[in-house]
Amino acid sequence: MVAGDNSSAAELLSLAGITNAISGFSGYKPLTPESLVAAQPQVVIMTAGGIVAAGGKQAVWKINGMQHLPAAQQQRLIQVDDLAFLGFGPRTLEALLQLRHDLELLL
Amino acid sequence: MKQLVSWKLKLIPWSKKNKALTLLGVLLLVALLISAQAGAMALGPWQIITGQMDAYGWQVWTAIRLPRLALAVVVGAALALSGAAMQGLFRNPLADPGLLGVASGASLAVGLWIVFPLSAWFPENWNWQAQMLVACVGSWLTCWLIFRLGKDTQGNMLWLLLAGLAINTLAGAAGGLLSYIADDQQLRQMSLWGMGGLGGVRGIELLVGAAIASPGLVLLYSVRKQLDVLQLGDVSAQATGLDTNKLRQKVVLGTALAVGASVALAGIIGFLGLMIPHLLRMILGPGHRLLLPASALGGAILLVLADALARTLAAPAEIPVGLLTSLLGGPYFLWMLSRGRGRG
């Protein structure tokens, strides 16, 4: 499942000054592997729960399509808190700062 | 000139069977060509011909799109072929591969796998393959259980049918119990798996799956003549010397191999197994010698086309392909049905 337009995760990304590589649908939907490649994301941002469901950080890069991304060469993956990214609340600012910090470490 | 044509036609025994199978084969090739071109990225045969395919595009095309086409062919053929064989075996138009518990057993096993932390025992990067393995083993265990329970030395198929219904209901209830105790994340994972899709499979898993499924397909195809004899009824068929127990074993084993592997790779895809054989029976008649290979081709055609739509209609998002097979095939099937009734 990937966050498209009009999702809280996409809104948080734009607040953090990040362009969401995926657009063209609203809400959270399963993504076609080819669209993932076509979007050419520099960094992959996943929730902690999503990484667990995929089978760990190593297994994330085994998901179909992931190995062809620019993000894959240096395995640029950022883990974010599930709850902080599914809505807005008192911890939103903290999550944004953390995301920005993680991103600057990677790039 | 006219003489030449008729002479040529006489030379080649152009039977109804050959005609139908050739037509379906050509349709499958066309479907594959369309599907090889369709996708989120502009890659395909056209780009190869016009020389616009670069190394990166080629890599993506061969690593993502081609395995997906091959998977659609294998899964579509497995579901429709085993559906046709099951309907022939039970002489029941409502029989489908699901009756042997292949799908329900696999979902139960995957549900257990997701809800209980068994995956911690596996190496981290094995998780994905392990889930496919679990689905496959789950479907085989259920299939075996139903086959044992439904065993009847008289060669009556009714017990197998009833055992299948009972075990399927049980597995469904156990699955419901699992979703009751699952947390949010697990629940989403389970329901996504249940919808079915051809997107998650890479070349390696496809090869393993195809290696398991193809002996099953061959086995199912090999019983086409016996199935025709069986249509006389159990007693008459046995009087002709047909070993109905052996036939039953073959169909169950073939279905377990072929459909078990496809459920493990692609999740649960409805409609194909039940409707494709019916559709082709209405067009081609009930003989299994034609119906079985035609069903395999027909199932492959429908799934290849449905999957092409699944990944392009809502791109970049993906529609679960099981919804599309039903939406594409359902109305056509109903139209055929109403036409057939008006005629009869």
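Keep in mind the model is a prediction, meaning the values are calculated, not measured.

In terms of regular secondary structure, chain A is built from 7 helices and 4 strands. Reading chain A from its N end, one meets helices and strands in the order β-α-β-α-β-α-α-α-β-α-α. On C-alpha atoms alone, chain A measures out to a radius of gyration of 13 Å, which is about the 13 Å that the 2.2 N^0.38 rule sets for 107 residues. Counting only C-alpha atoms, chain A reaches 35 × 30 × 25 Å along its principal axes. Here chain A holds 107 residues, and 50% of them are scored as buried. With an accessible surface of roughly 5,400 Å², chain A has 56% of that area assigned to carbon and sulfur atoms. The positive charge centre, built from 6 side chains, and the negative charge centre, built from 8, are 6 Å apart in chain A.

With that out of the way, let us pick up the overall build of chain B. Along the backbone of chain B there are 15 helices and 0 strands. Against the 2.2 N^0.38 benchmark of 20 Å for 344 residues, chain B shows a C-alpha radius of gyration of 21 Å, consistent with a compact globule. The principal-axis extent of the C-alpha atoms belonging to chain B is close to 70 × 65 × 40 Å. Among the 344 residues that make up chain B, the fraction classed as buried is 49%.

Attention now moves to the nonpolar core. Leu89, Phe90, Leu227, Leu247, Val251, Ile269 and Leu303 of chain B are the most contacted members of the largest nonpolar core, which totals 88 residues. Leaving out residues up to four positions away in the same chain, isoleucine 269 of chain B has contacts with Val75, Leu79, Leu198, Leu303, Val321, Gly322 and Thr325 of chain B. Residues Ile51, Ala54, Val60 and Leu69 of chain A belong to the second largest nonpolar core, which totals 16 residues.

Every contact between the two is made by 30 residues of chain A and, on the other side, 26 residues of chain B. Approximately 2,300 Å² of surface area, both sides summed, lies buried where chain A meets chain B, with 56% of it carried by carbon and sulfur atoms. Linking chain A to chain B there are 1 salt bridge. The closest approach of N and O atoms between glutamate 34 of chain A and arginine 65 of chain B, which form a salt bridge, is 2.7 Å. Run the count over chain A and chain B and you get 11 residue pairs in polar contact (both at pLDDT 80 or more).

Our next topic: helix 13 (residues 272-284) of chain B. Residues and elements named next belong to chain B. Its 13 residues place the ends of helix 13 17 Å apart at the C-alpha level, agreeing with the 18 Å of an ideal helix rising 1.5 Å per residue. All buried positions along helix 13 are accounted for by Leu272, Gly273, Met275, Ile276, Pro277, His278, Leu279, Leu280 and Leu284. Of the residues trailing helix 13, glycine 285 is marked for its positive phi of about 95°.

Before going further, it helps to spend a moment on the confidence of the model for chain B. Residues and elements named next belong to chain B. Here chain B shows a mean pLDDT of 83. Residues at 70 or above account for 91%. Per-element averaging of pLDDT across chain B places helix 1 (residues 2-11) at the bottom with 50 and helix 14 (residues 288-312) at the top with 92. Interface predicted TM-score (ipTM) for the complex: 0.81; the corresponding pTM is 0.86.

Moving on, we come to the confidence of the model for chain A. Where the model shows low pLDDT, its predicted coordinates should not be examined in detail. Of the residues in chain A, 100% have a pLDDT of 70 or more, and the chain-wide mean is 85. Highest mean pLDDT in chain A belongs to strand 3 (residues 44-47) of chain A (90); lowest belongs to helix 3 (residues 48-54) of chain A (81).

A few words on helix 4 (residues 55-90) of chain B. All names here are of chain B. Taking 1.5 Å of rise per residue, the 36 residues of helix 4 would be expected to cover 52 Å, and the 51 Å separating its terminal C-alpha atoms lies within 8% of that figure. Roughly 35° is the biggest bend found in helix 4, and it falls at tryptophan 61. Of all 36 residues in helix 4, 27 are buried, a share of seventy percent or more. Just past helix 4, the residue arginine 91 takes up positive phi, approximately 50°.

This paragraph deals with the packing of helix 9 (residues 203-222) of chain B against helix 12 (residues 244-266) of chain B. All names here are of chain B. One way to put it is that helix 9 packs onto helix 12 with a least axis distance of 7 Å and a crossing angle of 155°. When the interaxial angle is binned, helix 9 and helix 12 end up roughly antiparallel. The two elements helix 9 and helix 12 meet at a crossing, and its hand is left-handed. In this structure, helix 9 uses Glu205, Gly209, Ile212, Ala213, Pro215, Gly216, Leu217, Leu219 and Leu220 to contact helix 12, whose residues at the interface are Lys250, Val251, Leu253, Gly254, Thr255, Leu257, Ala258, Ala261 and Leu265.

So, on to a nonpolar patch on the surface. All names here are of chain B. On the surface, Val26, Val30, Ile34, Leu305, Leu309, Leu313 and Leu328 cluster together to form a nonpolar patch covering roughly 550 Å² of accessible area. Of all the secondary structure elements, the ones that give two or more residues to the nonpolar patch are helix 2 (16-37) and helix 14. If one sorts the elements of the nonpolar patch by residue count, helix 2 sits on top with 3 residues. Tracing the backbone shows leucine 313 in the loop between helix 14 and helix 15 (321-343).

All right, on to the side chain of histidine 288 of chain B then. For histidine 288 of chain B, the position within the fold is in helix 14. Setting aside chain neighbours within four positions, we find histidine 288 of chain B in contact with Ala84, Gly88, Arg224, Leu227, Asp228, Gln231 and Pro293 of chain B.

For the rest of this paragraph, the subject is the pattern of salt bridges. Enumeration over the complete set of coordinates arrives at 8 salt bridges over all chains. Arginine 100 of chain A is paired through a salt bridge with glutamate 104 of chain A; the nearest N and O atoms lie 3.1 Å apart. Linking arginine 100 of chain A with glutamate 104 of chain A, this pair stays in helix 7 (residues 92-106), spanning 4 residues, or about one helical turn. Overall, the relative accessible area of 33% leaves arginine 100 of chain A in the partly exposed class. Residue glutamate 104 of chain A is classed as exposed on the basis of its relative accessible area, which comes to 51%. Because the salt bridges share partners, they merge into one network encompassing Arg68, Asp307, Arg311 and Glu318 of chain B.

Now for the packing of aromatic side chains. Under the counting rule described, the total for this entry stands at 2 aromatic pairs over all chains. The positively charged end of arginine 224 of chain B is found above the aromatic ring belonging to tyrosine 221 of chain B, 4.1 Å away from the centroid.

Our next topic: unusual backbone geometry. One non-glycine residue, glutamine 40 of chain A, lies in the positive phi region at around 50°. If you trace the backbone, glutamine 40 of chain A turns up in the loop between helix 2 (33-39) and strand 3. Unlike most non-glycine residues, arginine 91 of chain B shows phi in positive territory, near 50°. With respect to the element layout, arginine 91 of chain B can be found in the loop between helix 4 and helix 5 (102-115). According to the relative accessible area criterion, arginine 91 of chain B is partly exposed, its value standing at 36%.

Conventions used here
Residues numbered from 1 in each chain as written. Chains lettered and ligands numbered in written order. Predicted model: local features only at pLDDT ≥ 70, side-chain atom pairs only at ≥ 80, totals over all residues. Heavy atoms only, no water. Helix = DSSP H or I, 4+ residues; strand = E, 2+ residues; numbered from the N terminus. Rg over C-alpha atoms; globule rule 2.2 N^0.38 Å. Buried < 20%, exposed > 50% of the residue type's maximum accessible area, 1.4 Å probe, protein only. Areas by Shrake-Rupley, 256 points an atom, 1.4 Å probe, with all protein chains shown as cover. Lys, Arg positive; Asp, Glu negative; His and termini not counted. Charge placed at Lys NZ, Arg CZ, Asp CG, Glu CD. Core = buried A, V, L, I, M, F, W, Y, C linked by side-chain atoms within 4.5 Å. Contact = heavy atoms within 4.5 Å. Buried area = accessible area lost by both parts, 1.4 Å probe. Salt bridge = Lys/Arg side-chain N within 4 Å of Asp/Glu carboxyl O. Polar contact = N/O pair within 3.5 Å; in protein donor to acceptor, adjacent residues only side chain to side chain. Expected span 1.5 Å × (residues − 1). pLDDT = per-residue confidence, 0-100. Bend = angle between axes of the 7 residues up to and from the residue. Axes fitted to C-alpha atoms, helices over the stretch in contact; angles between N-to-C directions. Parallel < 35°, antiparallel > 145°, perpendicular 65-115°, else oblique. Left-handed = near helix turned anticlockwise from the far one by under 90°. Patch = residues over 30% accessible without salt bridge, like charges linked within 9 Å, V, L, I, M, F, W, Y side chains within 5 Å. Phe/Tyr/Trp six-rings, centres within 6.5 Å; stacked < 30°, edge-to-face > 60°. Lys NZ or Arg CZ within 6 Å of the ring centre and 35° of its normal.

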